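Breakdown of the fold
Listed below are the residues making up each chain.
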Amino acid sequence: PCEKKIKNMVESLSALSSLEEEYKPALEEFPINDGSNPKPENTIRFVCISDTHCKVTADMIPDGDVLLHGGDFGNIGNLRDTELFIE
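Residues numbered from 1 in each chain as written. Predicted model: local features only at pLDDT ≥ 70, side-chain atom pairs only at ≥ 80, totals over all residues. Heavy atoms only, no water.

Here's the deal with the overall build of the protein chain
The secondary structure content of the protein chain amounts to two helices and two strands. Mapped from its N terminus to its C terminus, the protein chain presents α and β elements in the order α-β-β-α. Considering the protein chain as a whole, with its 87 residues, one finds that 6% of them fall into the buried category. Put simply, 9% of the contacts in the protein chain that link residues at least 6 apart link residues at least 24 apart. In the form shown here, the protein chain has an accessible surface area of approximately 7,700 Å², with 59% of it arising from carbon and sulfur atoms. (Helix = DSSP H or I, 4+ residues; strand = E, 2+ residues; numbered from the N terminus. Buried < 20%, exposed > 50% of the residue type's maximum accessible area, 1.4 Å probe, protein only. Contact = heavy atoms within 4.5 Å. Areas by Shrake-Rupley, 256 points an atom, 1.4 Å probe, with all protein chains shown as cover.)

Some details on unusual backbone geometry
Even without being a glycine, His53 presents a positive backbone phi close to 45°. If you trace the backbone, His53 turns up in the loop between strand S1 (46–49) and strand S2 (66–69). Even without being a glycine, Asp72 presents a positive backbone phi close to 55°. Structurally, the position occupied by Asp72 is in the loop between S2 and helix H2 (79–86). When its relative accessible area of 48% is taken as the criterion, Asp72 is described as partly exposed.

Regarding the confidence of the model for the protein chain
Taken as a whole, the protein chain shows an average pLDDT of 79; of its residues, 89% reach a score of 70 or greater. Per-element averaging of pLDDT across the protein chain places helix H1 (residues 2–29) at the bottom with 74 and S2 at the top with 89. (pLDDT = per-residue confidence, 0-100.)

Let's talk about the packing of aromatic side chains
Under the defined criterion, the tally for this structure stands at one aromatic pair. Measuring from ring centre to ring centre gives 4.2 Å for Phe73 and Phe85, while their planes differ by 20°; the resulting arrangement is stacked. Of this pair, Phe73 sits in the loop between S2 and H2 while Phe85 sits in helix H2, and the two are twelve residues apart along the sequence. For Phe85, a relative accessible area of 37% gives the class partly exposed. (Phe/Tyr/Trp six-rings, centres within 6.5 Å; stacked < 30°, edge-to-face > 60°.)

Quick word on a nonpolar patch on the surface
There is a patch of nonpolar side chains on the surface, built from Leu13, Leu16, Leu19 and Tyr23 and spanning about 420 Å² of accessible area. Relative to the assigned elements, Leu19 resides in helix H1. (Patch = residues over 30% accessible without salt bridge, like charges linked within 9 Å, V, L, I, M, F, W, Y side chains within 5 Å. Salt bridge = Lys/Arg side-chain N within 4 Å of Asp/Glu carboxyl O.)

Side note on the pattern of salt bridges
Within the structure shown, the criterion is met by two salt bridges. Of the charged contacts, one joins Lys39 and Asp65 as a salt bridge, the two residues approaching to 2.7 Å between their closest N and O atoms. Here the residue Lys39 occupies a position in the loop between H1 and S1, and Asp65 occupies one in the loop between S1 and S2, the gap between them amounting to 26 residues. Exposure remark for Lys39: the relative accessible area of 37% places this residue in the partly exposed category. Arg80 is the partner of Glu83 in a salt bridge, and the nearest nitrogen-oxygen pair spans 3.4 Å. With Glu83 and Arg80 both in helix H2, this residue pair falls three residues apart, about one helical turn. Classification of Arg80 by relative accessible area gives partly exposed; the value is 42%.

Written out as structure tokens, the structure reads:
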């Protein structure tokens, strides 16, 4: 079972590597923006964060139209962690 999991992980990493090469020109054309540049008209700015663990406040997050949080906003998963995240 362990060998099969390792094989699957290697195959997944290989697939990601080929995707990176495929999309590299697009990534270079649309570089990651830290929010300091003006937003072009008729565009939507997504702000993507994760693993903040109750250590990020609203003033630390760049301005944007949509905030995507990838997970791990809290420390131990209690109600207070959730309240801090919502604030």
